[in-house]
Amino acid sequence: MKSGNRADHTPAGRSFWDRLQTVDRRILYTLIFAAVIIPVLWPLHLPTPTTPESQAFFNAVDSIPAGSVVLFPFDFWPSTLAETEPMAIAGLRHCFRKNLRIVGLSNVGMGGPTIAERLLDSIGGEYKKTYGVDYVNLGYKANYSAVLLGMGTRIADIFPTDHRGTPIGDLPLMQHVPNYDSVRFVLIISDNAMVDYWVALVNARFGLPMVAGVTAVMAPKALSYIQSRQLLGLLGGMKGAAEYEQLTGLADRATRGMDAQSLVHFLIILFVLMGNTGYFVIRHRQRHLPLGGVRP
Amino acid sequence: MKTRLPVVVAFVSGALMILSFFGRGPLVDSASEVALTWQTIVGGFSLLLGAVSIVRVHWRRVATRERDRFYSLSLLVCFVVMAGSGVFFGIERGTVFERLFNTIQSPMMSTMFSLLAFFIASAAYRAFRARSVTSAILLLTALVVMLGRIPMGQLIYSQLPAWADWVMSIPSMAVQRGILIGAALGAASMSLRLILGIERTYLGRG
């Protein structure tokens, strides 16, 4: 092909439309970086409309009577903290504000119990709650299916001690919680398939009502449990966390992060549209070229 | 005996779990309680087995001076430091383990995950082309859902969130349910094969 051809792919003769399809990735990365940083420095305060699932999540937690025991699994890895931690913080604040008693645990061995300990202590401290009386952290035990089923019969068999090594018989809260019969509600925060197991093993067998906060990529799958009423509410990703923060009136990290997420999504859509525009223009021109591909 | 005993153990454990799922009673409850306690103990040992295995593999790489032995060495050092700090000084708040986790491991894992935003943006830009009718439908649907799930989408067109919700709760849900039901049926049939001793590959033979 000659360099004068608009659909030419040689570096010297690349057309505007061709360049539109092959922008250097460093430029894309810089734009993404800017889209994340700028709203953090100068918040845009974009409105976050509430979805029915988030509203249902809030209503379900809000309707639990004060003093009830809530099981709070911290089933997420440190890698997804940006999405899951705001949900966990908002959930803990909502529960503590309503004077619910929290039994924390984790089915993620690497980091789960440590994150649970940090969040329970810091948010519990905000509301002047006492460890062992208002909240406990059972920690982690291997083999989630055995843990989930076994707690239905006797929690002390699965967790003889809490995360700190205290026998759970010595914790005032756990003296009244021998198994699921004493648990009113389950509030799951998860970034993996644990939601499926909570639904299949605990909701189906023991009939415990539950809500879940999950990462955005997991939300479409978890939505099926909302329609079947196996989950009473759902928070999907940072957007779900931001909605929940606003419903509880405690706007925090997720609300601030939504501006950045919104801009990045918008930028990705622009990139996709840009690439496709270049692709279609070049394809259109190639179809209308005479045989040999050279313009007269 | 080597074959029969594991098959009998699998049958008894599996049958007990099925019984305990569909009905509760003192006998079934106490038997399943024992089985589940054993299961958590076995789970603990399998974690230990995993730890031993990873140490052996990487130790061998270091000992035989393989090309990427420094990665293995760094893994071994991190493993020893984290495990040692947890075992000898505890894992509760304020301990060395907790500080190492919160200041090194957790930020590193979050950093790795956050890099995904850059790669996804680049990959979407390069690979997401409407080359056929089906890929055009996929592209349009993705754009509607992505725009509908962010505040900016509502500012562009007020009905976009409703469209995105429709996509999520009708067509996407139909597919999700199909996958879920298929996977559940597959898991149930595989479990039955294991319980009845038809599937014996876990014994190390076909």
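Computed from a prediction, not measured in an experiment: that's the story for all the values here. (Residues numbered from 1 in each chain as written. Chains lettered and ligands numbered in written order. Predicted model: local features only at pLDDT ≥ 70, side-chain atom pairs only at ≥ 80, totals over all residues.)

Draft legend 1. Examining the interface of chain A and chain B more closely. Listed as interface residues are 53 residues of chain A and, on the opposing side, 51 residues of chain B. Only helix H2 (25–41), helix H4 (81–97), helix H5 (112–126), helix H6 (144–153), helix H7 (155–158), helix H10 (219–227) and helix H12 (253–287) of chain A provide two or more residues apiece to the side of chain A that touches chain B. Examining the composition of the side of chain A that touches chain B, we find that 14 residues originate from one element, H12(A), more than from any other. Within the side of chain A that touches chain B, the residues separate by chemical class into 26 nonpolar, 16 polar and eleven charged. (Contact = placed C-beta atoms within 7 Å. Helix = DSSP H or I, 4+ residues; strand = E, 2+ residues; numbered from the N terminus. Nonpolar A, V, L, I, M, F, W, Y, C, P; charged D, E, K, R; others polar.)

Draft legend 2. Local environment of the sheet that holds strand S1 (residues 69–75) of chain A. Residue and element names in this part refer to chain A. As summarised here, the arrangement of the six strands in space is S3-S2-S1-S4-S5-S6, forming an open sheet in which the pairing is parallel. Edge positions in the sheet fall to strand S3 (135–140) and strand S6 (234–236), since each of these pairs with one other strand and no more. On average, each strand axis in the sheet is tilted by 15 degrees relative to the strand beside it, whichever way the strands run. Bridging between S1 and strand S4 (residues 185–190) involves four bridges; their strand directions are parallel. Its bridge partner being in S4, phenylalanine 74 is matched across the sheet by isoleucine 189. Seen against the sheet, H5 touches S1, strand S2 (101–106) and S3 and runs at an angle of roughly 170 degrees to S3. (Pairing = 2+ DSSP bridges. Axes fitted to C-alpha atoms, helices over the stretch in contact; angles between N-to-C directions.)

Draft legend 3. Inspection of the confidence of the model for chain B at higher detail. Residue and element names in this part refer to chain B. On average, chain B scores 88 in pLDDT, and the residues at 70 or more come to 99%. By mean pLDDT, the top-scoring element of chain B is helix H3 (residues 69–89) (92), and the lowest-scoring one is helix H6 (residues 151–156) (82). Confidence metrics for the complex model read pTM 0.85 and ipTM 0.80. (pLDDT = per-residue confidence, 0-100.)

Draft legend 4. Geometry of the pairing of strand S5 (residues 210–214) of chain A. All names here are of chain A. The buried fraction of S5 amounts to five of the five residues, a majority that puts the element mostly inside the structure. This β-α-β element, S4 to helix H9 (residues 194–206) to S5, shows right-handed connectivity. Direction of pairing for S5 relative to S6: parallel, over a ladder of three bridges. The partner of alanine 212 across the bridge, within S6, is leucine 234. Between S5 and its parallel partner S6, the chain crosses via H10, and the hand of that crossover is right-handed. (Buried ≥ 20, exposed ≤ 12 C-beta atoms within 10 Å, placed from the backbone. Right-handed = clockwise from strand over helix to strand, strands pointing away.)

Draft legend 5. Up close: the packing of H6(A) against H9(A). Residues and elements named next belong to chain A. Where H6 contacts H9, the axes come no closer than 10 Å and their chain directions differ by 25 degrees. Judged on the interaxial angle alone, H9 and H6 are roughly parallel. For the pair H6 and H9, the crossing hand works out as right-handed. Residues Tyr144, Ser145, Leu148, Leu149 and Gly152 of H6 form the contact with H9, whose participating residues are Met194, Tyr197, Trp198, Leu201, Val202, Arg205 and Phe206. (Parallel < 35°, antiparallel > 145°, perpendicular 65-115°, else oblique. Left-handed = near helix turned anticlockwise from the far one by under 90°.)

Draft legend 6. Layout of the pairing of S4(A). Residue and element names in this part refer to chain A. Taking burial as the measure, the six residues of S4 include six buried ones, the bulk of the element. The alternating pattern of S4 places Phe185, Leu187 and Ile189 on one face and Val186, Ile188 and Ser190 on the opposite face, and all of these are buried. Direction of pairing for S4 relative to S5: parallel, over a ladder of five bridges. Opposite isoleucine 189, over in S5, you have glycine 213 as the bridge partner.

Draft legend 7. Representation of the nonpolar core in the model. Counting 81 residues, the largest nonpolar core has Ala222(A), Leu231(A) and Leu234(A) as the members making the most contacts within it. With residues near it in sequence (within four places) discarded, Leu231(A) still touches Val199(A), Met210(A), Val211(A), Ala212(A), Ala222(A), Tyr225(A) and Ile226(A). Counting residues in hydrophobic clusters, the runner-up holds eleven residues, among them Ile32(A), Val264(A), Tyr125(B) and Phe128(B). (Core = buried A, V, L, I, M, F, W, Y, C linked by C-beta atoms within 7 Å.)

Draft legend 8. Layout of the packing of H4(A) against helix H11 (residues 237–248) of chain A. Residue and element names in this part refer to chain A. Packing of H4 against H11 brings their axes to within 8 Å, and their N-to-C directions diverge by 20 degrees. The angle between H4 and H11 places the two elements in the roughly parallel class. In this structure, H4 crosses over H11, and the sense of that crossing is left-handed. Residues Ala82, Glu83, Pro86, Met87, Ala90, Arg93 and His94 of H4 form the contact with H11, whose participating residues are Gly237, Met238, Gly240, Ala241, Tyr244, Glu245 and Thr248. Tallied by class, residues from the contact of H4 with H11 come to seven nonpolar, four polar and three charged.

Draft legend 9. Summary view of unusual backbone geometry. Residues and elements named next belong to chain A. The phi torsion at asparagine 143 lies on the positive side, around 75 degrees, for a residue other than glycine. Within the element layout of this structure, asparagine 143 appears in the loop between S3 and H6. Exposure remark for asparagine 143: the 21 C-beta atoms within 10 Å place this residue in the buried category. A positive phi angle, near 65 degrees, is found at arginine 229, a position not held by glycine. The topology assignment puts arginine 229 in the loop between H10 and S6. Take arginine 229: there are 9 C-beta atoms within 10 Å of it, and that puts it in the exposed class.

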